[in-house]
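# Architecture and fold: a report
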Amino acid sequence: MKSISRATIGLTSSVSVLGVVLLAVLVYCCIHYWQAKQQEETASRALHAVEHLLLKPTSEYSPEDVKHGLEEVLGGQGRTQAQVYDSRGNRMFGPEVFFNGEGSIREFSQVFKTELPQLQAKRVELAVSTVDDERFLNFISGIFASSIVLWILVSVLISMRLIRLVLRPINRLTERIHNLGPRSLDVVLDDHKAPLELRPFIDGFNRLLGQLRENREQLKLFNSNVAHELNTPLSSLTISHELLQRRKLIEGDELQKIVGDHLDELDRMARIIRSMLFLANANQGRELQLQPVPSLRQLVVSVTEYLEQLAEDRELCITVQGDATVEVETELIKRAVSNLLSNAIRYAQANTEITVHITQEAERLWIKVSNEGPTIDPAKSNRLFEPFFRAEEGRSDTGSNHGLGLAIVAAIAKLHGGEVFARSEDLVTVIGFSIKQERRLTSTHKK
């Protein structure tokens, strides 16, 4: 498992050590460059002094005097030795091997255009000892190496301390989150004293808590509605069976009526349970079995034909406008359209028209059902897609309407990457849903 603190300590320590190493290398190179310049200057001075002696006329100095002068000059330089050669390459002055072959040296050479008067010198070889310089560099390198090792330890300790200080707000926040429980969802984390970097996380966590609170309330309401919806048919069945138990003999039409009522109540409970199971599966985001539909209009028409008799009983006419090619799970779309049409038939005014609109908007394909009827309060229209919510007051018509139809439409739209829509004004109500189309085709308008 990766640790942010360890990674940060390693990173900061590595960066600081790298900076110290680069600084040490830079200082080392500067010292080395300065020593090289000093060696060149020493050699230049020595060569100039040797040349000055060798240029003296032979009348002023004898060769022996020149040799003594060279020894004095080079001895004064401290760490230089010279070899003087004539034009034939014979060594005329100086040691056979510089510094007896011990230690490191740096050699310089100067060739004269003509033989110099003294010693008939033609070429001078000069050696500068670099032993002291190398010792100094080795000493500096040792100091740098020790400093780097010491700095590694110091940087790790400093980094650990700094990381603890930096992570302290995160640790406090983590402790507060750990203390949260099912009864602590109403708590809102305060971000006023938190670092700026943590505020987006705290805001996101507070939004998550808000969603959990909202889901908790919806779950409470859902459970209450489920209990109410199932309690009604169960109570009806219980009372009916108690009456049957008190009556000794029931025959003929009365028995058939009682059995039929019982079957209706059982069928209603079964439909509620099936709808609840569907919503549970849909909310888990089950995988769709997509099928290409060449004509969405034909699919919608097949649903309208199934509901045609129900619409005629209420003197309603259903028309379909628009068409499109889509890729959907056909049975789910049929169910969503059927729920929208059933809802429109239930609340539409008699002798009016129900219209199904198929339209394309950007990357979404919309299926909207409009009907003429009572205007829905805007405050209630936002809740039409909640489970068990009914826009009408009371719980009338519960036998055929259990309040899950539009919630199922919303779940089907979500599975297809879409959303739902509801608008009611001027005695016209439009309710629909969209389908996200990755490969969309231009829809055509038909009646």
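Cut-offs used in this document
- Residues numbered from 1 in each chain as written.
- Predicted model: local features only at pLDDT ≥ 70, side-chain atom pairs only at ≥ 80, totals over all residues.
- Heavy atoms only, no water.
- pLDDT = per-residue confidence, 0-100.
- Contact = heavy atoms within 4.5 Å.
- Pairing = 2+ DSSP bridges.
- Helix = DSSP H or I, 4+ residues; strand = E, 2+ residues; numbered from the N terminus.
- Axes fitted to C-alpha atoms, helices over the stretch in contact; angles between N-to-C directions.
- Buried < 20%, exposed > 50% of the residue type's maximum accessible area, 1.4 Å probe, protein only.
- Polar contact = N/O pair within 3.5 Å; in protein donor to acceptor, adjacent residues only side chain to side chain.
- Patch = residues over 30% accessible without salt bridge, like charges linked within 9 Å, V, L, I, M, F, W, Y side chains within 5 Å.
- Areas by Shrake-Rupley, 256 points an atom, 1.4 Å probe, with all protein chains shown as cover.
- Salt bridge = Lys/Arg side-chain N within 4 Å of Asp/Glu carboxyl O.
- Lys, Arg positive; Asp, Glu negative; His and termini not counted.
- Charge placed at Lys NZ, Arg CZ, Asp CG, Glu CD.

## Quick word on the confidence of the model for the protein chain
Mean pLDDT over the protein chain works out to 80, with 84% of the residues at or above the 70 mark. Contacts from residues 394–399, a stretch scored under 50 in pLDDT, to residues over four places away or in other chains number 9 contacts. Considering only residues more than four positions removed or in separate chains, one finds that residues 439–447, a stretch of pLDDT under 50, has 22 contacts.

## Here we look at the sheet that holds strand 6 (residues 317–321)
Strands pair in a sheet through their backbones, by hydrogen bonds, and they do so in one of two ways: parallel or antiparallel. The strand order across the open sheet built from 5 strands is 6-8-9-11-10, with neighbouring strands paired in mixed fashion. One side of each edge strand has no neighbouring strand; the edge strands of this open sheet are strand 6 and strand 10 (420–425). Going from strand to strand, the sheet's axes swing by 15° on average, the running direction of each strand aside. Taken strand by strand, helix 6 (residues 296–306) contacts strand 6, strand 8 (353–361) and strand 9 (364–372), and its axis lies near 170° from that of strand 6.

## Considerations on the environment of Gly-403
Within the secondary structure layout, Gly-403 lies in the loop between helix 9 (378–381) and helix 10 (405–415). Those residues within four positions of Gly-403 in sequence are excluded, and the remaining contacts are Glu-386, Pro-387, Phe-388, Phe-389 and Arg-390.

## What to know about the side chain of Glu-125
The topology assignment puts Glu-125 in strand 4 (residues 121–129). What makes Glu-125 buried here is its relative accessible area of 15%. At a separation of 2.6 Å, a polar atom in the side chain of Glu-125 contacts the side chain of Arg-123. With residues near it in sequence (within four places) discarded, Glu-125 still touches Gln-81, Ala-82, Gln-83, Tyr-85, Phe-98, Phe-108 and Ser-109.

## Let's talk about a positive patch on the surface
Positive charge collects at one region of the surface, where Arg-161, Arg-164, Arg-168 and Arg-172 lie side by side. Along the chain, Arg-172 falls in helix 3 (residues 131–178).

## Quick look at the pairing of strand 4
Among the 9 residues in strand 4, 7 count as buried, and that is most of the element. Bridging between strand 3 (residues 105–111) and strand 4 involves 7 bridges; their strand directions are antiparallel. Within the sheet, the bridge partner assigned to Glu-107 lies in strand 4 and is Ala-127.

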